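The chain contents come next:
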Amino acid sequence: MERSADRAAQKILRLSQEMGRETAWDRFLAQKPQCRFGEKGLCCRVCAMGPCRIVEGKAARGVCGATADTIAARNLARMIAAGAAAHSDHGRDVAKTLLLASQDSDYRVKDPVKLRRVAYSLGVDAAGKDDLALAKEVAERCLGEFGRQEGELRLALRAPEARVERWRKLGIMPRGIDREIVEVLHRTSIGVDADYRNIVLQGMRCALADGWGGSMIATELQDVLFGTPSPLRARVNLGVLNPKAVNIVVHGHEPTLSEMVVLAARDPDLLRQARAKGAEGINIAGICCTANEILMRHGIPIAGNFLHQELAVMTGAVDLMVVDVQCIMPALSDLARHFHTILVTTSPKAKIPGAEHIEFEEERALQVAKEIVRMGIENFSRRNGKIYIPNEVMDLIAGFAAESVFYFLGGRYRATYRPLNDAIIDGRLRGIAGIVGCNNPKITQDFAHVEMAKELIKNDVLVVTTGCAAIADAKAGLLRPEVAYELAGKGLQEICEAVGIPPVLHLGSCVDNSRILIALTNMVHEGGLGEDISAIPAAGAAPEWMSEKAVAIAFYFVASGVFTVLGNPFPIEGSENLTRFLTEEIEKLVGGKFAFETDPIRAAHLMLEHIERKRQALKLPAPMYA
Ligand code: NFS
């Protein structure tokens, strides 16, 4: 129970102990005590005069003279760059897939309306062009944004005018996506930028190139290719694995792969083959963000979030796990070997020793996907050990996008953000909050996500969520409309009842945090809540974060004007100056700032206090149901 708040996880963890199989939680224990220098950001490895460590009273500077402030800021900026690189390289692949779709391939343009909207934002003239011609131009324009040398990132101009002006004044308006990542690496190498504030500013520019660039391109073009999500019902947790079917788990991030696996699993020939092996059918389930992608667009069930990946294998019921990139534990290959599970890697960027590698070539996407599914079917008859699937399974509603989410609040005939803004203005809702990010064995799995969400909805704050946080809330049942009656405050309850939405809205995967940026921008444009994102009674949180991607996300939210609370702190504690800069002074520059708070209830109250301050600044009335 200390390891996970999820009952399915608790059951499998008990089983893992009986079987003598280790998990991330065991390896975390073996790492303890973790390096204090690393934890505080005081270890520098950027050159070979080091590694250097700042030791109080003994060594206040590294060999080059870098102080704790410089070292901690450089390390943090590099985390941002790595996170931005991950999201953006994903976005680049989607742009390349759209280019393929404009030619002859297994991919299609599924949402031409969205294609036109994106074309408009990119300054591409759509008049008189058919979908394929336009897709080609949009894809090429997006690819150009990665290598852009001059000018401003086109999609960043979607932000409210006041925000763009602020970025320009601070010199953090992003240019090319790749360029900002490269510049962080340059500036943080030996003997370049030593000013912690200046390093953080470039870190923010790089993060903005992710949120308003790489991630946004990923989200938008995925919608173009695979369809913009709209609300649907589905199920979540390990109980979605079916003992009688071929279970194929897709894990990772890019829907270019998982979409094709979903398609392949519906192939009549393969279904016949599965039945010939004695299976009931082919059951696809997802883990991590790729799960969110196919959940939102197809209602494919989710087996779990980040810390569920090993647990899924330990059910003994997974015939094949196929992975692409990001958040995939190398431990999986060793673990899979103890079961009958085949682990298949597919990306040339992500191979794991001991796993089968089948390269996923987008040019023959469906064919490769079918090959992988066939392997899973073959392996079904090799099941040997005991199967133990916990019976935990939960219903949920997912599939909200910036376009659809408040469409519902507006009702069928009034697709605007007006009702949402009005609800905040008249105090029925206090504001909105985003809860995003990972699992981390340092924190009881899902506990912080779920408790924070409950506390916020209880206080009439509408919660939007993505990534592993969304899966955590889903497993806990918070994505069901009826939960509004049990757990939401009266004001939020009224809204959920009128519109039939859950009080916690699933907005997608981690790159889909860009949907939250768009939703916030739409709220500004709708009017009545100030001229900039920083004026809105809104706050963000990543209570169980662990990935560098989460650092990039946190920074683009703060740089976009959002107060953001993190569960465990950034590794910067060793620099008082940097800590003060990020938790206080930075607010004057960008309108957002950080707070670190492990206790999810206290963290929720920091968010509530912030929301209240914003309400007062807007001279809004006291909350209707205080
Ligand atoms: Ni995002 Fe965290 Fe990974 Fe998704 Fe989950 S761990 S930073 S939420 S799956 S990317």
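Conventions used here
Residues numbered from 1 in each chain as written. Predicted model: local features only at pLDDT ≥ 70, side-chain atom pairs only at ≥ 80, totals over all residues. Heavy atoms only, no water. Helix = DSSP H or I, 4+ residues; strand = E, 2+ residues; numbered from the N terminus. Buried < 20%, exposed > 50% of the residue type's maximum accessible area, 1.4 Å probe, protein only. Contact = heavy atoms within 4.5 Å. Areas by Shrake-Rupley, 256 points an atom, 1.4 Å probe, with all protein chains shown as cover. Lys, Arg positive; Asp, Glu negative; His and termini not counted. Charge placed at Lys NZ, Arg CZ, Asp CG, Glu CD. 1 Å grid on protein atoms, 1.4 Å probe; cavity = no way out; pocket = protein on both sides within 12 Å on 5 of 7 lines; lining within 4 Å. Points joined across faces, edges and corners; volume = space filled by probe spheres on them. Nonpolar A, V, L, I, M, F, W, Y, C, P; charged D, E, K, R; others polar. Pairing = 2+ DSSP bridges. Donors = N, O, S within 2.8 Å, 3.2 Å for Na, K, Ca; no water. Tetrahedral: all angles 85-135°; square planar, octahedral: opposite > 155°, others 65-115°. Core = buried A, V, L, I, M, F, W, Y, C linked by side-chain atoms within 4.5 Å. Axes fitted to C-alpha atoms, helices over the stretch in contact; angles between N-to-C directions. Near = heavy atom within 4 Å. Sits in = over half its atoms within 2 Å of the grid points. Domains from an automatic or database assignment. Buried area = accessible area lost by both parts, 1.4 Å probe. Salt bridge = Lys/Arg side-chain N within 4 Å of Asp/Glu carboxyl O. Parallel < 35°, antiparallel > 145°, perpendicular 65-115°, else oblique. Left-handed = near helix turned anticlockwise from the far one by under 90°. Expected span 1.5 Å × (residues − 1).

Turning next to the overall build of the protein chain. The helix and strand tally for the protein chain stands at 26 helices and 16 strands. Expressed along its principal axes, the backbone C-alpha trace of the protein chain runs to roughly 65 × 65 × 50 Å. Across the 626 residues that make up the protein chain, the buried fraction comes to 63%. For the protein chain, contacts bridging at least 24 residues in sequence account for 75% of all contacts bridging at least 6. When the accessible surface of the protein chain is summed, it comes to about 23000 Å², and 51% of that surface belongs to carbon and sulfur atoms. Here the protein chain contributes 75 positive and 77 negative side-chain charges, whose respective centroids are spaced 1 Å apart.

Right, let's talk about the layout of surface pockets for a bit. Its boundaries defined by the atoms lining it, the largest pocket holds a volume of some 1000 Å³. The set of elements that each furnish at least two residues to the lining of the largest pocket consists of α2 (24-31), α3 (36-40), β1 (43-44), α4 (68-101) and α24 (548-559). For the lining of the largest pocket, the leading source of residues is α4, giving six residues. By residue class, the composition of the lining of the largest pocket is 19 nonpolar, eleven polar and eight charged. Approximately 410 Å³ is the volume attributed to the second largest pocket. As for the second largest pocket, its lining consists of 16 residues, and the residues nearest its centre are R117, S121, R158, I518 and N522.

On a regular strand, one side chain projects to one face of the sheet and the next to the other, so that they alternate. Counting buried positions over the five residues of strand β13 (residues 504-508) gives five, a clear majority of the element. Relative to β13, strand β12 (residues 461-466) runs parallel, the two sharing four bridges. Bridge pairing in β13 places V463 opposite V504.

The next point concerns the coordination of the nickel atom of the ligand. There is one protein donor for the nickel atom of the ligand, namely C510 (SG), at 2.2 Å. One can describe the site at the nickel atom of the ligand as tetrahedral: its four donor atoms subtend angles covering 98 to 125° at the metal. Summarising the element assignment, C510 is placed in the loop between β13 and α23 (513-526).

Turning to the nonpolar core, a few remarks are in order. With 177 residues, the main nonpolar core has V138, L456, L520, F555, F570 and L582 as its most contacted residues. Core analysis: the next-biggest nonpolar cluster, separate from the first, contains 36 residues, A9, C288, L343 and C468 among them.

A few words on the sheet that holds β12. Across the sheet, which stays open at both edges, the six strands sit in the order β13-β12-β11-β14-β15-β16 with parallel pairing between neighbours. Each having just a single partner strand, β13 and β16 (594-596) make up the two edges of the open sheet. Here the strands of the sheet are splayed against their neighbours by 25° on average, with no regard to which way each runs. Where strand β15 (residues 563-566) meets β16, three bridges bridge the pair, whose relative direction is parallel. The residue of β16 that forms the bridge with T564 is F594.

So, on to the site of the ligand. With respect to spatial proximity, 14 residues lie near the ligand, and among them C289, C327, C438, C468 and C510 are the closest. Cavity membership is defined here by more than half of the atoms lying within 2 Å of grid points; on that basis the ligand lies in the second largest cavity. Considered class by class, the residues forming the shell around the ligand number nine nonpolar, four polar and one charged. When we break the shell around the ligand down by domain, the ones giving at least three residues each are domain 2 (238-380) and domain 3 (404-617).

Following the criterion strictly, the structure yields five cavities of 30 Å³ or more and no others. Put simply, the largest cavity is a space of about 130 Å³. What lines the largest cavity is a set of 17 residues, among which G434, A539, G540, A541 and F557 lie closest to the centre. At the level of elements, β11 (431-435), α23, β14 (538-542) and α24 are the ones that each hand at least two residues to the lining of the largest cavity. Looking at which element gives the most residues to the lining of the largest cavity, the answer is β14, with five residues. Counted by class, the lining of the largest cavity contains 14 nonpolar, three polar and no charged residues. By volume, the second largest cavity amounts to about 90 Å³. Lining the second largest cavity are 13 residues, and of these C289, C327, C438, C510 and K549 lie nearest its centre. Those elements that provide at least two residues to the lining of the second largest cavity are α12 (288-298), α20 (467-475) and α24. Grouping the amino acids of the lining of the second largest cavity by side-chain chemistry returns eight nonpolar, four polar and one charged.

This brings us to the domain arrangement of the protein chain. Here the protein chain is partitioned into domain 1 (43-226), domain 2 (238-380) and domain 3 (404-617). Each of domain 1 and domain 3 has a C-alpha centre, and these two points are 23 Å apart. Here domain 1 meets domain 3 over a buried area of about 3200 Å², counting both sides, of which 70% is carbon and sulfur. At the boundary of domain 1 and domain 3, one finds three salt bridges. The shortest N-O distance in the salt bridge between R163 and D532 comes to 3.0 Å. Of all elements in the fold, only α4, α7 (161-170) and α9 (196-226) reach the threshold of two or more residues within the side of domain 1 that touches domain 3.

Cis geometry marks the peptide bond from K32 to P33, where omega comes out at -5°. Between G50 and P51 the backbone carries a cis peptide bond, its omega angle lying at 5°. Positioned with a positive phi, C288 is a non-glycine residue whose angle comes to about 65°. With respect to the secondary-structure elements, C288 resides in helix α12. A positive phi angle is found at C327, which is not glycine, with a value near 65°. With respect to the element layout, C327 can be found in the loop between β7 (320-323) and α14 (331-337).

Before going further, it helps to examine the packing of α4 against helix α6 (residues 131-146). Two elements in contact, α4 and α6, have axes whose closest approach is 8 Å; the angle formed by their N-to-C orientations is 155°. When the axes of α4 and α6 are compared, the pair comes out roughly antiparallel. The hand of the α4/α6 crossing is left-handed. Two secondary-structure elements touch here, α4 through S88, G91, R92, A95, K96, L98, L99 and A101 and α6 through L132, A135, K136, V138, A139, E140, C142, L143 and F146.

What follows concerns α6. If you check α6, its first and last C-alpha atoms are 23 Å apart, about what 16 residues at 1.5 Å a residue would give, namely 22 Å. Summarising the contacts, the buried residues of α6 are in contact with α4, α5 (112-122), α8 (177-187) and α9.

Take helix α15 (residues 365-380) next. For α15, with 16 residues, the first-to-last C-alpha span of 23 Å sits near the 22 Å given by 1.5 Å per residue. All of the buried residues in α15 are A365, L366, V368, A369, I372, V373, M375, G376, I377, N379 and F380.

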